[in-house]
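# Summary of the model geometry
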Amino acid sequence: MIFIPIGLGIAAAVLFALSRGQGKKAFDMLATETTNAAELATMAADVAGEIGAGSFTRAAELKGVVECTNPLRSEMAGIPCAWYRSTVTREYEETYTERDSE
């Protein structure tokens, strides 16, 4: 009988820890400024001019329509896109034999 309250206490602690992490993610999303690509490019050029290229990092939410002269084609659907991700998961079975001294 004592295991039920202990299990519930552990479950509550785990859920509390998970909720704090999700709350931080939600706050980060709300605190991120919305900007456009031109502003980001200007800021990156300013930082590169002062302290060197490759030093600019900033979290930003981008909104708008992507236009490019030579778009990518998604691997599976074959539709034009600016970015895509593809993952391959392979499952296989292997047969092997083990022999011992007997």
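Every residue gets a number counted from 1 within its own chain, in the order that chain's sequence is written. Reporting of local features is limited, given that this is a predicted model, to residues whose pLDDT is at least 70; pairs of side-chain atoms are given and counted only at 80 or more, and all residues count toward the totals for whole chains, interfaces and linings. Calculation of side-chain values draws on the structure's entire complement of heavy atoms; hydrogens and water are dropped beforehand.

### Focus on the overall build of the chain
When its secondary structure is counted, the chain shows two helices and four strands. Only DSSP runs of H or I covering at least 4 residues are called helices, and only runs of E covering at least 2 are called strands; the numbering of each starts at the N terminus. Moving toward the C terminus, one meets the helices and strands of the chain in the order α-β-α-β-β-β. Here the globule rule is a power law, 2.2 Å times the number of residues to the power 0.38, and the radius of gyration is based on C-alpha atoms. For a compact globule of 102 residues, the expected C-alpha radius of gyration is about 13 Å, and the chain comes in at 25 Å, more than 25% above that figure. Dimensions of the chain along its principal axes, counting C-alpha atoms only, are 70 × 45 × 35 Å. Here the chain, with 102 residues, has 4% of them falling under the buried criterion. In the chain, of all internal contacts separated by at least 6 residues, the share reaching a separation of at least 24 is 34%. About 10,000 Å² of surface is accessible on the chain, with carbon and sulfur atoms providing 58% of the total. Per-residue accessibility, obtained with a 1.4 Å probe over protein chains only, is compared with the maximum for each type, and a residue is labelled buried under 20%, exposed over 50%, and partly exposed between these values. The contact rule is simple, with two residues in contact once any of their heavy atoms fall within 4.5 Å. To measure how exposed things are, a 1.4 Å probe is used in the Shrake-Rupley method; for residues, cover is taken only from the protein chains shown.

### Re the pattern of salt bridges
A side-chain nitrogen of Lys or Arg and a carboxyl oxygen of Asp or Glu constitute a salt bridge if their distance falls within 4 Å. Taken as a whole and assessed by the stated rule, the structure comprises one salt bridge. We note a salt bridge from E33 to R58, for which the minimum N-O separation is 3.0 Å. Of this pair, E33 sits in the loop between α1 (3–31) and β1 (34–35) while R58 sits in the loop between α2 (37–51) and β2 (61–62), and the two are 25 residues apart along the sequence.

### So, the environment of G64
Locating G64 in the fold gives a position in the loop between β2 and β3 (72–73). Sequence separation of G64 and L40 is 24 residues, and the distance between their C-alpha atoms is 14 Å.

### Things to note about the side chain of S74
With respect to the helices and strands, the residue S74 is situated in the loop between β3 and β4 (80–81). Aside from chain neighbours lying at most four places away, what touches S74 is I79, C81 and Y84.

### Some points on α2
Across its 15 residues, α2 extends 21 Å between first and last C-alpha, which sits within 8% of the 21 Å expected from 1.5 Å per residue. Trailing α2 by a residue or two, G52 shows a phi angle of about 110°, which is positive. Multiplying 1.5 Å by the residue count of a helix minus one yields the expected span of that helix.

### Some words on the confidence of the model for the chain
Of all residues in the chain, 100% attain a pLDDT of 70 or more, and the chain-wide mean is 84. Confidence, expressed as mean pLDDT per element, reaches its minimum in the chain at β2 with 80 and its maximum at β3 with 88. Summary of the metric used: pLDDT quantifies the predictor's per-residue confidence within the range 0 to 100.

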